[in-house]
Amino acid sequence: MKPTHWITTAILLAASFTAQAATRKVELTVPSMDCDTCPITIRIALQRMPGVKKAVVSYTRRNAIVTYDDATTNVPALTKATEEAGYPSFEASR
C-alpha cells in the first residue's frame, strides 16, 4: 500500500470512531409535577426533542427516565425542554 493509502485509511477509521453516537440514559427530577396529567405534557415535550429515543415519566416518583442519542442532544437540552413545557427539571444525583 502506498503511504497515502495508509493516511487515508487512518483518517477514515478515526472519523468512523468519532462519528458513532452513544445511547445514554438519564434520570431527571421534576419536582413541580402536581397532577396526574403532568407526565403526559413532560413526556411529549421530551419525545419531540431530536435524538430522544424513549421518555418514561412518573408522577409518583416525580421523575423522567430519558434514553437519548448523545450525538444529537444532551442533558441541558432535555432540561430546557421540560422547563419550556412548564416543568423545570434537573439531573438526579447518582
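As the structure is a computational prediction, the values presented were derived from the model and not from experiment.

(A) Geometry of the sheet that holds strand E1 (residues 23-29). Strand order across the open sheet formed by four strands is E2-E3-E1-E4, with antiparallel pairing between neighbours. Only two strands of the sheet have a single neighbouring strand rather than two, namely strand E2 (52-58) and strand E4 (90-91). Of the strands in this sheet, E1, E2 and strand E3 (63-69) touch helix H2 (residues 38-47), which is tilted by about 165° from E2. Set on the sheet, helix H3 (residues 75-84) makes contact with E1, E2, E3 and E4; between it and E1 the angle comes to about 45°.

(B) Examining the pattern of salt bridges more closely. As enumerated under the stated definition, the model contains two salt bridges in all. Between Asp70 and Arg24 there is a salt bridge, with the nearest N and O atoms lying 3.1 Å from each other. Of this pair, Asp70 sits in the loop between E3 and H3 while Arg24 sits in strand E1, placing them 46 residues apart in sequence. With a relative accessible area of 32%, Asp70 lands in the partly exposed category. One salt bridge in this structure joins Glu84 and Lys80, with 3.8 Å as the shortest N-O distance. On the criterion of helical spacing, the pair formed by Glu84 and Lys80 is a turn pair, its members being four residues apart in helix H3. Glu84 sits in the exposed class, given a relative accessible area of 62%.

(C) Seen up close, unusual backbone geometry. Residues other than glycine seldom take positive phi values, yet Arg62 does so here, at roughly 50°. Topologically, Arg62 is positioned in the loop between E2 and E3.

(D) Region of the structure containing the environment of Leu28. Summarising the element assignment, Leu28 is placed in strand E1. Put simply, Leu28 and Ser89 are 61 residues apart on the chain and 6.1 Å apart in space, counted from C-alpha to C-alpha.

(E) Examining the side chain of Ser89 more closely. Along the polypeptide, Ser89 turns up in the loop between H3 and E4. Within the structure, the side chain of Ser89 is placed 2.6 Å from the side chain of Thr82, a separation counted as a polar contact. Contact partners of Ser89, with chain neighbours within four places excluded, come to Leu28, Thr29, Val30, Thr79 and Thr82.

(F) Region of the structure containing the packing of aromatic side chains. In the structure shown here, the tally under the stated rule is zero aromatic pairs. When the ring centre of Tyr59 is taken as reference, the NZ or CZ atom of Arg62 above it lies at 4.9 Å.

Criteria and cut-off values
Residues numbered from 1 in each chain as written. Predicted model: local features only at pLDDT ≥ 70, side-chain atom pairs only at ≥ 80, totals over all residues. Heavy atoms only, no water. Pairing = 2+ DSSP bridges. Helix = DSSP H or I, 4+ residues; strand = E, 2+ residues; numbered from the N terminus. Contact = heavy atoms within 4.5 Å. Axes fitted to C-alpha atoms, helices over the stretch in contact; angles between N-to-C directions. Salt bridge = Lys/Arg side-chain N within 4 Å of Asp/Glu carboxyl O. Buried < 20%, exposed > 50% of the residue type's maximum accessible area, 1.4 Å probe, protein only. Polar contact = N/O pair within 3.5 Å; in protein donor to acceptor, adjacent residues only side chain to side chain. Phe/Tyr/Trp six-rings, centres within 6.5 Å; stacked < 30°, edge-to-face > 60°. Lys NZ or Arg CZ within 6 Å of the ring centre and 35° of its normal.

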